[in-house]
Amino acid sequence: MPTPEFITRLRKKIGHDELWLVGVTGFIQDGANRVLLGKRADTGAWALVSGINEPGEEPADTIAREAYEETGVRIVPEYLASVAADSRVITYENGDRVQYLELLYICSLDSRDAGSAHVHDEESLEVGWFALDDLPRPLATTTVERIELAQRFLSNLGQGDAHALFMRAQG
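Residues numbered from 1 in each chain as written. Predicted model: local features only at pLDDT ≥ 70, side-chain atom pairs only at ≥ 80, totals over all residues. Heavy atoms only, no water.

Chemist: Explain the nonpolar core to me, and be specific about the residues and the numbers.
Modeler: Soluble globular proteins tend to pack their nonpolar side chains together in the buried interior. In this structure, Phe27, Val35, Leu37, Leu48, Leu104, Ile106 and Leu135 are the most contacted members of the largest nonpolar core, which totals 16 residues. Of all the secondary structure elements, the ones that give two or more residues to this core are β2 (35-40), β3 (46-52), β6 (97-109) and α3 (141-158). Here Phe27 is in contact with Val35, Leu48, Leu104, Tyr105, Ile106, Cys107, Leu132, Ile147, Ala150 and Leu154, once residues within four sequence places are set aside. By size, the runner-up hydrophobic cluster in this structure holds twelve residues, among which are Ile28, Tyr105, Cys107 and Trp129. (Core = buried A, V, L, I, M, F, W, Y, C linked by side-chain atoms within 4.5 Å. Buried < 20%, exposed > 50% of the residue type's maximum accessible area, 1.4 Å probe, protein only. Helix = DSSP H or I, 4+ residues; strand = E, 2+ residues; numbered from the N terminus. Contact = heavy atoms within 4.5 Å.)

Chemist: How would you summarise the packing of aromatic side chains if you had to cite specific residues and measurements?
Modeler: Inspection of every chain in the model, using the stated rule, returns two aromatic pairs. Aromatic side chains Trp46 and Phe130 sit 5.1 Å apart centroid to centroid with 75 degrees between the ring planes, which places their arrangement in the edge-to-face category. Here Trp46 is found in strand β3, whereas its partner Phe130 is found in strand β7 (residues 124-130), with 84 residues between them in sequence. Take Trp46: its relative accessible area is 6%, and that puts it in the buried class. (Phe/Tyr/Trp six-rings, centres within 6.5 Å; stacked < 30°, edge-to-face > 60°.)

Chemist: Which residues make up the environment of Leu101, and what values do they have?
Modeler: On the secondary structure map, Leu101 appears in strand β6. Judged by its relative accessible area of 24%, Leu101 falls in the partly exposed class. With 15 residues separating them along the chain, Leu101 and Asp86 place their C-alpha atoms 6.1 Å apart. Filtering out sequence-adjacent residues up to four positions away, Leu101 remains in contact with Trp20, Leu21, Val22, Gly23, Val83, Ala84 and Ala85.

Chemist: So what's going on with the pattern of salt bridges? Residues and values would help.
Modeler: Considering all chains together, one arrives at 13 salt bridges under this definition. In this structure, Arg65 and Glu57 form a salt bridge, with 2.8 Å as the shortest nitrogen-oxygen distance. The network of salt bridges with common partners includes Glu57, Arg65, Glu66 and Glu69. (Salt bridge = Lys/Arg side-chain N within 4 Å of Asp/Glu carboxyl O.)

Chemist: Account for the pairing of β3, with residues named and values stated.
Modeler: Counting buried residues along β3, six of its seven residues qualify, which places the element largely inside the surrounding structure. Note: strand β1 (residues 19-29) against β3, four bridges, orientation antiparallel. Pairing of Gly26 across the sheet is with Val49, part of β3. Summarising the sheet, β2 and β3 pair through three bridges and their orientation is antiparallel. Opposite Lys39, over in β3, you have Trp46 as the bridge partner. Between the antiparallel neighbours β2 and β3 lie five residues, among them Gly44 with a positive phi of about 80 degrees. (Pairing = 2+ DSSP bridges.)

What follows is the structure, given as structure tokens:
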């Protein structure tokens, strides 16, 4: 995965020390209620579209940018579904350590887009639309978790509650 330039600059100053970053994920559905997934080049697991929020960039713009960069699909973020601090510290192959504040958006296709997804950069090996009851394997653990959050949010939305899900520490 290409490392954003602002992280490369920070890493020159702090080395591999842990960074706190904002990660943005999109639960993107088409008109047939299929979800858009990409098979990640770095892990081989299928995952929801996601990326790192750049300084000064609106998070909703981040997910729209990432969807286009990774899959060639133009989307519209409609709802902020959840906000959560991921307790996992990720250590990348080069030793860089990060932890994420995760924002999950519910997104639909831009009305000007036919939704024909295709590999659009080096981050994905394959991309495609999948029914929720027929998802490809292996699925990234974070994708399983975020699909569950998206479904919970959409269930609440169907009952008239459009509030984002905010995670709270136990205790």
